[in-house]
Amino acid sequence: MFRAIDLLSGDDLKNLLKGPMVIAIDGPTASGKGTLAQRLAKRLGFAYMDTGVLYRGVAKTALDNGLDPENADDAAKAAKILAENYSLSLQEDPSLRLEKVSQAASQVASVAEVRNILLDIQKNFAKKPGKNKDGENYLGVVMDGRDVGTVICPDAHIKMYIDADAEIRAARRVEQLISKGLEATHENVLKELQIRDGRDSNRDTAPLEVADDAFTIDSSSLNANEVLARALDIVRGYLIGAQAAMKMHQY
Ligand code: DC
């Protein structure tokens, strides 16, 4: 199994990077970026943060407290409540995946104040992802979202943008929903996905866009293993370059 430390020892990696290695993975909904980010983090032994969970958490907080996710003041109130009570275990809450929460998440995500309130949680995690289950500091972190490479971690060591055709993303989402015993039609899922894509890409603050220095992977005709293999090639390439730079520096 390939791990980051197979190419550079943990100490070398620490010395070279002066902090955790940051891998930013951005892309539209159902592009496969979440699956990739989780598998990549596991494979490399890195920490993982799904930043979409924060916006979903704000949306659910708004809905649970009778606040209107489309109203900027209400959305900001919900974001403050969430920020005060946030813990990484929020990632495990299945109710955040409900369609009404997904739509509300994309509404609160277009409010600049909400994004601002959630900024520190994300930046702090990238800088200090904490310790792994063996009690050692994580050597790196994989962050998955829409603006990780452009706004949250513009200096990320590696940036990837995962994309796929909208029809294919909708088909994948339908399959996912049906496998969970939920009802879904391709037409409805495609429509909702396009509404969210439009809102995420056209908002004024931190819209979904490809960072200039990101590697793009189009997952339309790739399965999850193939996407992971491409991502690992990118990481390997980065580490080989870093190792060469370190050797040159030593001479
Ligand atoms: O990745 P996701 O579907 O769980 O994200 C939920 C919503 O949150 C999505 O509509 C876009 C928004 N989001 C965002 O604006 N910025 C992020 N870094 C992550 C998610």
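See above for the structure.
A separate point is the site of the ligand. Around the ligand, the surrounding shell holds 16 residues, and the nearest of these are Arg56, Arg115, Arg146, Asp147 and Arg203. Take threonine 51: an N or O atom from its side chain is 3.0 Å from a nitrogen atom of the ligand. Within the side chain of aspartate 200, one N or O atom sits 3.1 Å away from an oxygen atom of the ligand. Isolated, the ligand exposes 440 Å² of accessible area, and the fraction of that covered by the protein chains is 97%. Every element with two or more residues in the shell around the ligand is listed here: α4 (52–64), α6 (99–108) and α10 (186–202). No other element matches the three residues that α4 contributes to the shell around the ligand. Of the residues in the shell around the ligand, the class split is three nonpolar, four polar and nine charged.

A few words now on empty space enclosed by the protein. Inspection of the entire model under this criterion finds one cavity of 30 Å³ or more. Estimated volume of the largest cavity: approximately 30 Å³. Surrounding the largest cavity, Asp26, Gly149, Lys159, Met160, Tyr161, Glu209, Val210, Ala211 and Ala214 form its lining. Per-element tally for the lining of the largest cavity: the top contributor is strand β4 (residues 158–163), with three residues. Residue composition of the lining of the largest cavity, grouped by class: five nonpolar, one polar and three charged.

Attention now goes to the pattern of salt bridges. All told, the structure shown has 10 salt bridges when counted by the stated rule. We note a salt bridge from aspartate 200 to arginine 146, for which the minimum N-O separation is 3.6 Å. A residue pair is termed long-range when its members are at least 10 positions apart, and aspartate 200 in helix α10 and arginine 146 in the loop between β3 (140–145) and α8 (148–152) qualify at 54 residues. Take aspartate 200 and arginine 146: they sit in the same class, and that class is buried. Counted as one network, the salt bridges with shared partners bring together Arg146, Asp200 and Arg203.

Judged by pairing direction, the sheet is parallel, and its five strands sit side by side in the order β2-β3-β1-β4-β5 without closing on themselves. Of all strands in the sheet, those bounded by a partner on one side alone are β2 (47–50) and β5 (215–218). Adjacent strand axes in the sheet meet at a mean angle of 20 degrees, parallel and antiparallel pairs treated alike. Here strand β1 (residues 21–26) pairs with β3 via six bridges, running parallel. If you follow aspartate 26 over to β3, its bridge partner there is glycine 145.

Attention now goes to the packing of α4 against α6. Where α4 contacts α6, the two axes come as close as 8 Å, and the packing angle between them is 105 degrees. The angle between α4 and α6 places the two elements in the roughly perpendicular class. Contacts from Tyr55, Arg56, Val58, Ala59, Lys60 and Leu63 of α4 reach α6 at Lys100, Val101, Ser102, Ala104, Ala105 and Val108. Broken down by class, the residue content of the contact of α4 with α6 amounts to eight nonpolar, one polar and three charged.

We now examine the environment of lysine 131. Here lysine 131 lies in the loop between α7 (112–127) and β3. Along the sequence, lysine 131 and serine 95 sit 36 residues apart, while their C-alpha atoms lie 27 Å from each other. A polar contact of 3.0 Å, which involves the side chain of lysine 131, links it to the side chain of asparagine 137.

Moving on, we come to the packing of helix α5 (residues 72–85) against α7. Orientation of α5 relative to α7, taken along the N-to-C sense of each, is 15 degrees, at an axis distance of 8 Å. For the element pair α5 / α7, the angle class is roughly parallel. Regarding α5 and α7, the two cross each other, and that crossing is left-handed. Every residue of α7 that contacts α5 at Ala75, Ala76, Ala79, Lys80, Leu82 and Ala83 is listed here: Glu113, Val114, Ile117, Leu118 and Ile121. Counted by class, the contact of α5 with α7 contains nine nonpolar, no polar and two charged residues.

Calculation criteria
Residues numbered from 1 in each chain as written. Predicted model: local features only at pLDDT ≥ 70, side-chain atom pairs only at ≥ 80, totals over all residues. Heavy atoms only, no water. Near = heavy atom within 4 Å. Polar contact = N/O pair within 3.5 Å; in protein donor to acceptor, adjacent residues only side chain to side chain. Areas by Shrake-Rupley, 256 points an atom, 1.4 Å probe, with all protein chains shown as cover. Helix = DSSP H or I, 4+ residues; strand = E, 2+ residues; numbered from the N terminus. Nonpolar A, V, L, I, M, F, W, Y, C, P; charged D, E, K, R; others polar. 1 Å grid on protein atoms, 1.4 Å probe; cavity = no way out; pocket = protein on both sides within 12 Å on 5 of 7 lines; lining within 4 Å. Points joined across faces, edges and corners; volume = space filled by probe spheres on them. Salt bridge = Lys/Arg side-chain N within 4 Å of Asp/Glu carboxyl O. Buried < 20%, exposed > 50% of the residue type's maximum accessible area, 1.4 Å probe, protein only. Pairing = 2+ DSSP bridges. Axes fitted to C-alpha atoms, helices over the stretch in contact; angles between N-to-C directions. Parallel < 35°, antiparallel > 145°, perpendicular 65-115°, else oblique. Contact = heavy atoms within 4.5 Å. Left-handed = near helix turned anticlockwise from the far one by under 90°.

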